[in-house]
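Secondary and tertiary structure notes
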Amino acid sequence: MAGSIDTTPEVAIPYDEIESANAMEKATPPSTISEKTASDREERGRGVLVDYDGEGDLSNPQNWSPKLKWSLIVLVSALDFAVTLGTIICAPVAPQILDEFNQENTLYITLIVSIWELGEIIGPLIVAPLSELYGRFYIYHAGTILFIVFSAACALSTNIQMLVAFRFLNGVAVVSTALNPSMVGDLFRVEQRGSAMAMVGLAPMLGPVVGPIIGGYLGDALGWRWCFWLITILCGFLEICFLLLLRETYTVQILKRKANRLRKDTNNPNLRTKYETEHTATQLFKNACVRPLVLLFTSPILFLMSLYVGVVYGYLYLVMTTITSVFESTYQFSSSVVGLSFLGLGLGCVIGVFVCRSTLDLWVRRKSKTAEMRPEQRLPPVIFGGFILPVGLFMYGWTAEAHVQYMAPIIATGILGVGLVSTTIPVRSYLVDAFGIYSASAIAGCAVFRNLGGTFMPLAGPPLYEQLGLGWGNSVLGFIALAFIPVPLLLMRFGEALRLRDKRKFEA
């Protein structure tokens, strides 16, 4: 793909040719090899690249059966749902937690939720580089096991400080944020990624919407600790499924293992993959560790898209953390019923996924026939979402301000949900296409702004509504969202030139 960071090798020698060349070399007595022949052979050895054995090679994850690929997509999406469910499932039971620990500081109600987001800023910056060094397989397992341990520790907490600390570590242990979109890129060809990207994009939106509903009922029935036990049990079940189904999907790691095996089998040290460099292991590790932040702050594409996603994600959490108080105070919803006010947002997210599923591959497939595919062809749904998002904010604010019948603001949150999903899923698809084998680092860089928005934007909600009211408060948010509409339009026009510049700078 033009301008993407990973490049196509000029020469790739499949296994059978390597074996044949090596056998011929062994059959020739050393004394009969001329100086010129040796020089030619040495020069040829430098260019022997290990790659997949043709289009049908089953070691290439993109050639796996649809059943296996979609099983993995469903599995990692379920993990992301469970993780994001855990983000906010404890919000409705926060007063119970404070009562049990004899805490009167209401700041802990917000901190119990928002401290997770701070942890999730750090986590992807660790997870993404490690996955690009060692592959997805071990990182998925290690992160999920740590997440299970920290979730159980939350359930067993004996004081509020212990709970907050393990909530932070829960956020750090999240691996699905950085790796799920990258796995879609591993498993599917460019023109086939839309449906899979829509599925993995739904989970992080739907989990926080369903979380308060489940948390409210579960907390009333069994107590707040069972909110954390539920997450522990659910992720434990998913880890068992990972043990049964998960395989390595990262092409760089798969080909690296193949090259190592062939070097050993053929006794030819010149065999390598197109991804191998002359850097030492220490240099590779250092480069990998700083790559997400380097990409974030040196690539205009990633910076602008990440800033946009940060604002959108912040709006999601601002609405979710204030919707309970809005419907309780404005429409006198009881604590057992108020969770149903999240259904509009959830339904909107589901509709947004179907919008993305039907449009993400539309332009890419059209251009695939003429070999003109570009990552920027993922961006038209972002323009649609950019217009829908402010409409939902304006409608939500002014219908609630005017005490219009409660279905009106619920419908408005549904429109908001469509805009949120139609913005974030195409952006992640765009980053996967644009950054290739470094897509995990790009997604991790994007997660920094995303989680900063999710952490601090909800803190601005109550004072914003107190000073300006629901109508003008949400209108301010809508006007900020309108200001980002030119971003995807500019990238559709200048994105390819920016990517080429980023590629040259990154490779240098």
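For every chain, the first residue of the written sequence is number 1, and numbering continues from 1 onward in sequence order. Local features in this predicted model are restricted to residues whose pLDDT is 70 or higher, and side-chain atom pairs enter the listing and the counts only when it is 80 or higher, whereas totals over whole chains, interfaces and linings include all residues. Working from all heavy atoms in the structure, the side-chain values ignore hydrogens and water.

1. Side note on the overall build of the protein
Helix numbering and strand numbering both begin at the N terminus, where a helix is a DSSP run of H or I of at least 4 residues and a strand a DSSP run of E of at least 2. Check the secondary structure of the protein and you find 19 helices and zero strands. Partly exposed describes any residue whose relative accessible area lies between the buried limit of under 20% and the exposed limit of over 50%, with all areas from a 1.4 Å probe on protein chains only and scaled to the type maximum. When burial is assessed residue by residue, the protein has 56% of its 508 residues classed as buried. If you take every contact in the protein between residues at least 6 apart in sequence, the share linking residues at least 24 apart comes to 83%. Here the protein displays about 21700 Å² of accessible surface, and carbon together with sulfur accounts for 65% of that area. Throughout, a contact is declared for two residues whenever any of their heavy atoms are within 4.5 Å. Where accessible areas are quoted, they stem from the Shrake-Rupley method and a 1.4 Å probe; at the residue level, only the protein chains shown are allowed to cover.

2. A few points about the side chain of Asn 180
Along the chain, Asn 180 turns up in helix α8 (residues 176–187). Within polar-contact distance, the side chain of Asn 180 engages the side chain of Tyr 140 at 2.7 Å. Every residue in contact with Asn 180, bar those within four places of it in the chain, is listed here: Val 76, Ser 77, Asp 80, Tyr 140 and Val 200. A 3.5 Å cut-off defines polar contacts: any pair of N or O atoms within that distance qualifies, except that in protein one atom must be a possible hydrogen donor and the other a possible acceptor, and neighbouring residues in sequence count only when both atoms are side-chain atoms.

3. Focus: a nonpolar patch on the surface
Patches here: salt-bridge-free residues with over 30% relative accessible area, like charges joined within 9 Å, nonpolar side chains (Val, Leu, Ile, Met, Phe, Trp, Tyr) joined within 5 Å. The working definition used for a salt bridge is a side-chain nitrogen of Lys or Arg within 4 Å of a carboxyl oxygen of Asp or Glu. On the surface, Trp 398, Leu 468, Trp 472, Val 476, Phe 479, Ile 480 and Leu 482 cluster together to form a nonpolar patch covering roughly 640 Å² of accessible area. Here the nonpolar patch gets six residues from one element, more than from any other, and that element is helix α18 (residues 439–483).

4. Considering unusual backbone geometry
Glycine aside, negative phi is the norm for most residues, and most peptide bonds take the trans geometry. Unusually for a residue other than glycine, Asn 267 sits at a positive phi of about 55°. Mapped onto the elements, Asn 267 comes out in the loop between α11 (251–266) and α12 (281–298). Classification of Asn 267 by relative accessible area gives exposed; the value is 62%. Phi is positive for Gln 332, close to 55°, though the residue is something other than glycine. Relative to the assigned elements, Gln 332 resides in the loop between α13 (300–331) and α14 (343–359). Look at Gln 332 and you get exposed, because its relative accessible area is 60%.

5. What to know about helix α7 (residues 160–172)
At 3.6 residues per turn, the α-helix brings residues three or four places apart onto the same side. Helices are assigned an expected span. That span is 1.5 Å times one less than the residue count. Compared with an ideal rise of 1.5 Å per residue, which puts 13 residues at 18 Å, α7 spans 19 Å between its outermost C-alpha atoms and is within 8% of the ideal. Residues Ile 160, Leu 163, Val 164, Arg 167, Asn 170 and Gly 171 constitute the buried set of α7. The buried residues of α7 occupy one face: seen down the axis, they fall within an arc of 115°. Where the residues of α7 are buried, they touch α3 (66–88), α4 (94–100), α5 (107–134), α6 (136–155) and α10 (225–245). As used here, the arc belongs to the directions running from the helix axis to the C-beta atoms.

6. Topic: the packing of aromatic side chains
The geometry of an aromatic ring pair comes down to the distance between the two centres and the angle between the two planes. Only the six-membered ring of Trp is used, alongside the rings of Phe and Tyr, when aromatic pairs are assigned; centres must lie within 6.5 Å, and planes under 30 degrees apart are stacked while those over 60 apart are edge-to-face, with the rest tilted. Across all of its chains, the model carries 18 aromatic pairs by this definition. On the basis of an interplanar angle of 75° and a centroid distance of 5.4 Å, the ring pair of Phe 333 and Tyr 406 is categorised as edge-to-face. Taken as a pair, Phe 333 in the loop between α13 and α14 and Tyr 406 in the loop between α16 (380–401) and α17 (407–435) lie far apart in primary sequence, 73 residues in all. For Phe 333, a relative accessible area of 16% gives the class buried. Site record: aromatic cluster; members linked through ring pairs are Phe 327, Tyr 331, Phe 333 and Tyr 406. Two limits define a charge over a ring: the Lys NZ or Arg CZ must be within 6 Å of the ring centre, and within 35 degrees of the ring normal. Between the NZ or CZ atom of Arg 247 and the centre of the ring of Trp 64, over which it lies, the distance is 5.6 Å.

7. Overview of the packing of α6 against α7
It is the contact of α6 with α7, at a shortest axis distance of 9 Å, that shows an interaxial angle of 160°. Considered as vectors, α6 and α7 are oriented roughly antiparallel to each other. Relative to α7, the crossing made by α6 is left-handed. Residues Phe 147, Phe 150, Ser 151, Ala 153 and Cys 154 of α6 pack against Met 162, Leu 163, Phe 166, Arg 167, Leu 169 and Asn 170 of α7. Of the residues assigned to the contact of α6 with α7, the class counts are eight nonpolar, two polar and one charged. The angle between two axes is taken between their N-to-C directions and runs from 0 to 180 degrees, where each axis is a line fitted to C-alpha atoms and a helix contributes only its stretch in contact. Any angle from 65 to 115 degrees is called roughly perpendicular, while one under 35 is roughly parallel, one over 145 is roughly antiparallel, and all others are oblique. Each crossing is labelled by how the near helix is turned from the far one, with a counterclockwise turn of less than a right angle marking it left-handed and a clockwise turn marking it right-handed. Residue polarity is assigned by list, with Asp, Glu, Lys and Arg as charged and Ala, Val, Leu, Ile, Met, Phe, Trp, Tyr, Cys and Pro as nonpolar; anything else, Gly included, falls into the polar class.

8. Examining the confidence of the model for the protein
The pLDDT value expresses, per residue, how confident the predictor is, ranging between 0 and 100. In the predicted model, the protein carries a mean pLDDT of 82, and the fraction of residues at 70 or more is 87%. When the criterion is pLDDT under 50, residues 1–45 qualifies, and its contacts beyond four places in sequence or with other chains add up to 57 contacts.

9. With respect to the nonpolar core
Residues grouped as a nonpolar core are buried Ala, Val, Leu, Ile, Met, Phe, Trp, Tyr and Cys residues, joined through side-chain atoms within 4.5 Å. Tyr 140, Ile 160, Leu 163 and Phe 327 are the most contacted members of the largest nonpolar core, which has 124 residues in total. With 18 residues, the single largest contributor to this core is α13. Apart from the residues within four sequence positions on either side, Ile 160 is in contact with Ile 97, Leu 98, Phe 101, Gln 103, Tyr 108 and Ile 112. Among the nonpolar cores identified, the runner-up in size contains eight residues, and Tyr 250, Val 252, Ile 437 and Tyr 438 belong to it.

10. Focus: the environment of Val 337
If you trace the backbone, Val 337 turns up in the loop between α13 and α14. Using a relative accessible area of 34% as the deciding quantity, one classes Val 337 as partly exposed. Separated by 120 residues in sequence, Val 337 and Tyr 217 place their C-alpha atoms 9.6 Å apart.

11. Concerning the pattern of salt bridges
Opposite charge on two side chains lets them pair, provided their charged atoms get close. One pass over the structure, following the stated rule, counts eleven salt bridges. A salt bridge links Arg 450 to Glu 120; its shortest N-O distance comes to 3.0 Å. In this pair, Arg 450 is assigned in helix α18 and Glu 120 in helix α5, connecting sequence segments 330 residues apart. Judged on exposure class, the residue Arg 450 and its partner Glu 120 are both buried. Across the pair Arg 499 and Glu 376 runs a salt bridge, and its minimum N-O distance is 2.8 Å. Taken together, the residues span a long stretch of sequence, with Arg 499 in helix α19 (residues 486–507) and Glu 376 in the loop between α15 (362–368) and α16 at a distance of 123 residues. Each of the two residues, Arg 499 as well as Glu 376, counts as buried. One connected set of salt bridges, linked through shared partners, spans Asp 53, Asp 57 and Lys 258.

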